[in-house]
Structure formats: C-alpha cells, structure tokens
Amino acid sequence: MTSAAGTPTRREQILATAAELFAARGFHGVSVADLGAACGISGPALYKHFASKDAVLAAMLVSISEELLAGGQERVAAAATPATAVRALVEWHTDFALNHRALIVVHNRDWESLPDDAREQVRTLQRTYVDLWAEQLRRVSPDLGLDRARATAHAAFGLINSTPHSRLLPDEPMHELLVRMALGALGVR
C-alpha cells in the first residue's frame, strides 16, 4: 500500500528493490543480506516485513497479477464498446510492461522458484485476466472461439511483454509502437 502522502511504503520499497535485484541476478543469486543492504537495512530486518525471501517473491508476483487484473477490469468497465475495451486493455498492459520491466524478467525467469500456493494464486489471477481479454476479443469478433481468443490474448501479451528485451527506443515511442502493433495483431483499430 502506498502511504496517504503517495510515497511508497517500506514494504513496497523492498519489493521494488527485490524486483531489480532478482531481474539482474536471478532469485537464487540474491541473498537476504544482499536485499537488506540494497534497501539500506540489515538482512534480518527484512523479516519484519516478509517471512522469507520466498515470501518476497510471492508477494511480488501475486501483487503484479492482482494489479494487472484490477486495472484491466476498471478499463473494461469504463469502456463504451468492446473495441474501446480492447484498446484500453492494450494501453493498460503496455503502460504496465514499460513501467515494470524487471517484474516481467523475474516472472519469466524465476517462476519455478515461486512457492506452490503463490504459483496457484498467480495462475488463477492470470487466467481471469486472460479471460477478461478473451471476452472482449470475442465481442469484437463473435466468430472467435474461446480457445482462439485466449491464444490471441497470450500472443498480444508476448508482444507487449517484450519490453525488457528492447531498449532501442525511448518509452514514449516504444509505447506507441507496441500499442499500434498489438492492436494490429488483434484486428482492432
């Protein structure tokens, strides 16, 4: 939770620092002492906020999945048409991907290190997010089957989530490029 003043809480600071460290060195390449030092506290002081390093990874990946889903649901609820909803989802996911590159790397590389209960929670949240997209895609193209709509959503995610691998453009032109390409691939203008 961000504080009332809009500044990140200590817990959020730890998660952000952990995301950067895990992205750079991998989950297993970062010790609790490393994480504490990067946060300006002792490693054992981390246990005031998280039960373990595994709990840090779990909180990180569960919270981003919750954030993606909640943001997507808000945009769909505010959209006047299915095509508007798809455009809003693409914009939302692109903004998210550009602002959370490290989390994409951590999710892709350290998924297997996630504790089983957290992995299932993330999977459930992600399935709901995919289905949110699939429902809007099917409304835009009623002949699109559910499996194909889900596959289409996953393909769009793959395109958009390529952000950690390309720093050839500054964020604004990259955002425009990804949105244009994703909407083209989805058949939405």
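Residues numbered from 1 in each chain as written. Predicted model: local features only at pLDDT ≥ 70, side-chain atom pairs only at ≥ 80, totals over all residues. Heavy atoms only, no water.

> Teacher, can you tell me more about the overall build of the protein chain here?
Scanning the protein chain for helices and strands turns up 8 helices and 0 strands. Going residue by residue from the N terminus, the α and β elements of the protein chain occur as α-α-α-α-α-α-α-α. Against the compact-globule benchmark of 16 Å for 189 residues, the protein chain has a radius of gyration of 18 Å, which places it among compact chains. Each principal axis of the C-alpha atoms in the protein chain carries an extent, and together these give about 55 × 35 × 35 Å. Relative to its full complement of 189 residues, the protein chain shows a buried share of 43%. Long-range pairs, those at least 24 residues apart, make up 67% of the contacts in the protein chain with a sequence separation of at least 6. (Helix = DSSP H or I, 4+ residues; strand = E, 2+ residues; numbered from the N terminus. Rg over C-alpha atoms; globule rule 2.2 N^0.38 Å. Buried < 20%, exposed > 50% of the residue type's maximum accessible area, 1.4 Å probe, protein only. Contact = heavy atoms within 4.5 Å.)

> What exactly am I supposed to notice about the environment of Ala118 here?
Summarising the element assignment, Ala118 is placed in helix 6 (residues 116-140). Assessed through its relative accessible area of 4%, Ala118 is described here as buried. For the pair Ala118 and Val86, spaced 32 residues apart in sequence, the C-alpha separation works out to 28 Å. Excluding its chain neighbours within four sequence positions, the residues that come into contact with Ala118 are Ala58 and Val62.

> Would you explain the environment of Val32 in this entry?
Following the sequence through the fold, Val32 ends up in helix 2 (residues 32-39). Filtering out sequence-adjacent residues up to four positions away, Val32 remains in contact with Gly43, Leu46, Tyr47 and Lys53.

> Sorry if this is basic, but what is going on with the pattern of salt bridges here?
According to the stated counting rule, one finds 9 salt bridges in the structure shown. As a salt-bridge pair, Asp110 and Arg109 come within 3.9 Å of each other at their nearest N and O atoms. Classification of Asp110 as buried rests on a relative accessible area of 5%. Across the salt bridge formed by Arg150 and Asp147, the nearest N and O atoms sit 3.9 Å from each other. One end of the pair, Arg150, and the other, Asp147, are both in helix 7 (residues 146-160), 3 residues apart, so they sit about a helical turn from each other. The class of Asp147 is exposed, set by a relative accessible area of 62%. Here the salt bridges do not stand alone but share partners, grouping Asp131, Asp147 and Arg150 into one network. (Salt bridge = Lys/Arg side-chain N within 4 Å of Asp/Glu carboxyl O.)

> Before we go on, may I ask you to explain the nonpolar core in this structure?
The biggest cluster of nonpolar side chains holds 58 residues, and the ones touching the most others in it are Phe22, Leu35, Met60, Val90 and Trp133. Those elements giving two or more residues to this core turn out to be helix 1 (10-25), helix 2, helix 3 (53-78), helix 4 (82-99), helix 5 (101-110), helix 6, helix 7 and helix 8 (171-186). (Core = buried A, V, L, I, M, F, W, Y, C linked by side-chain atoms within 4.5 Å.)

> It is not clear to me how helix 4 should be interpreted in this structure. Could you clarify?
An α-helix turns once per 3.6 residues; consequently, residues spaced three or four apart project the same way. Between its first and last C-alpha, helix 4 extends 26 Å over 18 residues, near the 26 Å set by a 1.5 Å rise per residue. Turning to helix 4, its buried residues are Ala85, Val86, Ala88, Leu89, Val90, Trp92, His93, Thr94, Phe96, Ala97 and Leu98. (Expected span 1.5 Å × (residues − 1).)

> Please explain the packing of helix 3 against helix 5 as it appears in this structure.
For any two helices packed against each other, the geometry is given by the interaxial angle and the distance between the axes. At a minimum axis distance of 11 Å, the contact between helix 3 and helix 5 shows a crossing angle of 115°. The way helix 3 lies across helix 5 gives a crossing that is left-handed. Residues Leu57, Met60, Leu61 and Ile64 of helix 3 lie in contact with helix 5, whose contacting residues are Leu103, Val106, His107 and Asp110. In terms of residue class, the contact of helix 3 with helix 5 is made up of 6 nonpolar, 1 polar and 1 charged. (Axes fitted to C-alpha atoms, helices over the stretch in contact; angles between N-to-C directions. Left-handed = near helix turned anticlockwise from the far one by under 90°. Nonpolar A, V, L, I, M, F, W, Y, C, P; charged D, E, K, R; others polar.)

> For this particular structure, what's the right way to read the packing of aromatic side chains?
The description of two aromatic rings rests on the distance between their centres and on the angle between their planes. Here the structure, examined in full by the defined rule, presents 5 aromatic pairs. Aromatic side chains Tyr129 and Trp133 sit 6.1 Å apart centroid to centroid with 70° between the ring planes, which places their arrangement in the edge-to-face category. Of the two residues, Tyr129 and Trp133 are both situated in helix 6; the distance of 4 residues between them amounts to about one turn of the helix. For Tyr129, a relative accessible area of 4% puts it in the buried group. Taking the relative accessible area as the measure of exposure, Trp133 reaches 1% and is therefore buried. Both rings, one in Tyr129 and one in Phe157, keep their centres 5.4 Å apart while their planes meet at 15°; by these two values the pair is stacked. A residue pair is termed long-range when its members are at least 10 positions apart, and Tyr129 in helix 6 and Phe157 in helix 7 qualify at 28 residues. (Phe/Tyr/Trp six-rings, centres within 6.5 Å; stacked < 30°, edge-to-face > 60°.)

The analysis is restricted to geometry; functional conclusions fall outside its scope.
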